[in-house]
Amino acid sequence: MSGLLAGVLIEAAGRVGAPLVKGLLEKYVGGKAGEIGGEIIDVIAGKAGVPPADLPNLPADDLVAAVQAAEPLAAELVLAEVEQQREANRLMMAEMDKEGGTWTWAWRPAWMWLLAFLWTYALVLRPLVNAAVGAAIEAVDVSMLMTLTGAYLALYMGGHTVKDALQRWREK
């Protein structure tokens, strides 16, 4: 999204008294268009009957009319964004509400902490102890630790990765 287009739309929204559109464009469109800012620009372009890239070339009166027509829809976009966030929060809360046994969810954080400790031991603590004592303690092999970490990642994230890959393959 070009800064020119954002500036033209923000100026037009300010001139016609469309504070919601102006505020949303200022907040969500800058050097990089945010999701809701892009949707608002699409709505303005739709009201003007041109593609978004042609908005800067519109006559000022047509641009002003398009921004005025988009003002009521901007509120609906904000409400849709709020509802989407509410659903995301609800899903996160449902994930944290564990009705099953502790073992059904506790293995993930337990393994995370165990692997964090083992990697810290293998890469930081063991070399420090070996240097301080002058011994060669080899309690954890890094290649074995890498295999263990890979197995954990395959169990924890692999299912979704395979599912997503199969879904993309089916879509092609």
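Owing to the predicted nature of the structure, the values given are computational and were not obtained by experimental measurement.

Q: Whenever I open this one, the overall build of the protein confuses me. Can you help?
A: Summing up its helical and strand segments, the protein has six helices and zero strands in all. Written out in order from the N terminus, the α and β elements of the protein read α-α-α-α-α-α. For the protein, the residues scored as buried account for 23% of the 172 residues in total. Approximately 11600 Å² of the protein is accessible, and the part contributed by carbon and sulfur atoms is 64%.

Q: What exactly am I supposed to notice about the pattern of salt bridges here?
A: Inspection of every chain in the model, using the stated rule, returns three salt bridges. With a closest N to O distance of 2.7 Å, Glu83 and Arg86 form a salt bridge. Of the two residues, Glu83 and Arg86 are both situated in helix H4 (residues 60–96); the distance of three residues between them amounts to about one turn of the helix. Since its relative accessible area comes to 48%, Arg86 is described here as partly exposed.

Q: When you look at helix H5 (residues 103–133) in this model, what are you seeing that I'm missing?
A: In an α-helix there are 3.6 residues to a turn, and that puts residues three or four apart on one side. Compared with the 45 Å implied by 1.5 Å per residue over 31 residues, the 40 Å span of H5 between its first and last C-alpha is markedly short. Every buried residue of H5 is listed here: Leu115, Leu118, Tyr121, Ala122, Arg126 and Asn130. Count one or two residues on from H5 and you reach Gly134, which has phi positive near 85°.

Q: Which parts of the structure should I look at to understand the packing of aromatic side chains?
A: Where two aromatic rings form a pair, the distance of their centres and the angle of their planes describe that pair. All chains considered together, the criterion is met by three aromatic pairs. Where Phe117 meets Tyr121, the ring centres are 6.4 Å apart and the plane angle is 25°; that geometry is what we call stacked. Of the two residues, Phe117 and Tyr121 both sit in helix H5, four residues apart, roughly one turn of that helix. A relative accessible area of 48% means that Phe117 is categorised as partly exposed. One aromatic cluster is present, formed by Trp107, Trp111 and Tyr152 through successive ring pairs.

Q: So what exactly am I meant to see when it comes to a nonpolar patch on the surface here?
A: Taken together, the side chains of Trp107, Trp111, Met112, Trp113, Leu114, Leu153, Leu155, Tyr156 and Met157 make up a nonpolar region of the molecular surface, amounting to roughly 910 Å² of accessible area. Within the residue set of the nonpolar patch, elements represented by two or more residues are H5 and helix H6 (142–171). Looking at where Trp113 falls in the secondary structure, it is placed in helix H5.

Q: What exactly am I supposed to notice about the side chain of Arg126 here?
A: With respect to the helices and strands, Arg126 occurs in helix H5. Judged by its relative accessible area of 10%, Arg126 is buried. Apart from the residues lying within four places of it in its own chain, the contact partners of Arg126 are Tyr121, Ile137, Glu138, Ala139, Val140 and Val142.

Q: Honestly, the confidence of the model for the protein in this entry has me stumped. Any pointers?
A: Summing up the model confidence of the protein, the mean pLDDT is 77 and the portion of residues at 70 or higher is 74%. Ranking the helices and strands of the protein by mean pLDDT puts H5 first, with 88, and helix H1 (residues 3–16) last, with 62.

Q: What's the story with the nonpolar core in this structure? I'm lost.
A: Soluble globular proteins tend to pack their nonpolar side chains together in the buried interior. Judged by nonpolar contacts, Ile40, Ile41, Ile44, Ala45, Leu55, Leu58, Leu63, Ala66, Val67, Ala70 and Leu77 together constitute the single largest core of 11 residues. Elements represented by at least two residues in this core include exactly helix H3 (35–48) and H4. Among the elements that make up this core, the one with the highest residue count is H4 (five residues). By size, the runner-up hydrophobic cluster in this structure holds seven residues, among which are Leu118, Val140, Leu145 and Tyr152.

Criteria and cut-off values
Residues numbered from 1 in each chain as written. Predicted model: local features only at pLDDT ≥ 70, side-chain atom pairs only at ≥ 80, totals over all residues. Heavy atoms only, no water. Helix = DSSP H or I, 4+ residues; strand = E, 2+ residues; numbered from the N terminus. Buried < 20%, exposed > 50% of the residue type's maximum accessible area, 1.4 Å probe, protein only. Areas by Shrake-Rupley, 256 points an atom, 1.4 Å probe, with all protein chains shown as cover. Salt bridge = Lys/Arg side-chain N within 4 Å of Asp/Glu carboxyl O. Expected span 1.5 Å × (residues − 1). Phe/Tyr/Trp six-rings, centres within 6.5 Å; stacked < 30°, edge-to-face > 60°. Patch = residues over 30% accessible without salt bridge, like charges linked within 9 Å, V, L, I, M, F, W, Y side chains within 5 Å. Contact = heavy atoms within 4.5 Å. pLDDT = per-residue confidence, 0-100. Core = buried A, V, L, I, M, F, W, Y, C linked by side-chain atoms within 4.5 Å.

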